[in-house]
Amino acid sequence: MMATPPVVIFVHGIGLASEVWSPQLEWCRVNGIDAVALTLQGHGSRRSEVADVDGMISQIVSESSQHGKVILVGHSLGGWLCCKAVHKIPNVSSIVLVNPLIELSQHRRLFIWAVKAARFVQKVTGPRKRSGDFRKGSSFFWRVGIYPYCLIVNDMDKILSICKQIGKMGDAVIPEGTKSTIILPKWDEMLSRSESIGSESIEQFKDIGHMAFRSSPDCFTSALARHILRPQAHRK
């Protein structure tokens, strides 16, 4: 009897939501791969909820417990969360980190100043009533426009709270023996080339930017497929 293939669980980065994985979810659907994308607490349709980092980690653990084998795919902060959660997930098959921000120094350098500035503006204007829509967008939007958009559509008090909580929890480390891969574009304005995470392999694809998995979804998905999709389902 053939074993049931792993379920792919996608975890978005800070300020985003589950629909940011729309191209990858559709690709998985077409190829017969079971997949689910989480919307983390305090984000998207769950923006009204308390943004608790331990709660986000529990979300990943809880979703994983509902399946047999799972593959975790985390982007940016989602990669950090997956690394923290995988210690509590005995049924993880592998972990794939996409443009991961895994060191505290990265979070401090990249997020705090922008979040505080946006938080100051929101004190005057108030937060946007509706959550963001991350299903579509041009290549220019995903390379440049996504950053001011995230600062507009999110509650900056909650985003700042997330950053502060992360600062107390330490760098991310993948447990020894866990199969892991890092997928990167040719250049990422946010990522330091750290070796501390200890991933088994690093693969690059032909695009640039922290959101390259959306500005070039086909190119990224081809790289992702080599690591998470069972061969009989991988159709080019």
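Quick summary incoming for the structure in this document. (Residues numbered from 1 in each chain as written. Predicted model: local features only at pLDDT ≥ 70, side-chain atom pairs only at ≥ 80, totals over all residues. Heavy atoms only, no water.)

## Here we look at the pairing of strand E5 (residues 180-187)
Here is the rule we go by: For every residue, the accessible area obtained with a 1.4 Å probe (protein chains only) is divided by the maximum for its type, and the residue is called buried under 20%, exposed over 50%, and partly exposed between those limits. Every helix listed is a DSSP run of H or I at least four residues long, and every strand listed is a run of E at least two residues long, numbered separately from the N terminus. At least two bridges found by DSSP between two strands are what make those strands a pair.
Burial of E5 is extensive: 6 of the 8 residues sit out of reach of the surface. Sheet topology places strand E4 (residues 92-98) next to E5; 4 bridges connect them, and they run parallel. The partner of Val-96 across the bridge, within E5, is Thr-181.

## Comments concerning the pattern of salt bridges
Keep this limit in mind: Salt bridges are identified by distance alone: a Lys or Arg side-chain nitrogen within 4 Å of an Asp or Glu carboxyl oxygen.
The final tally for this structure, using the stated rule, is 5 salt bridges. Measuring nitrogen to oxygen at the nearest pair gives 2.6 Å for the salt bridge that ties Asp-133 to Arg-135. Since its relative accessible area comes to 34%, Asp-133 is described here as partly exposed. Among the salt bridges present, the one from Arg-226 reaches Glu-203, with a minimum N-O distance of 2.3 Å. With Arg-226 in helix H9 (residues 217-228) and Glu-203 in strand E6 (residues 201-208), this pair connects stretches of sequence that are 23 residues apart. Among the residues examined, Arg-226 registers a relative accessible area of 54% and is labelled exposed. Residue classification places Glu-203 among the buried residues on the basis of a relative accessible area of 15%.

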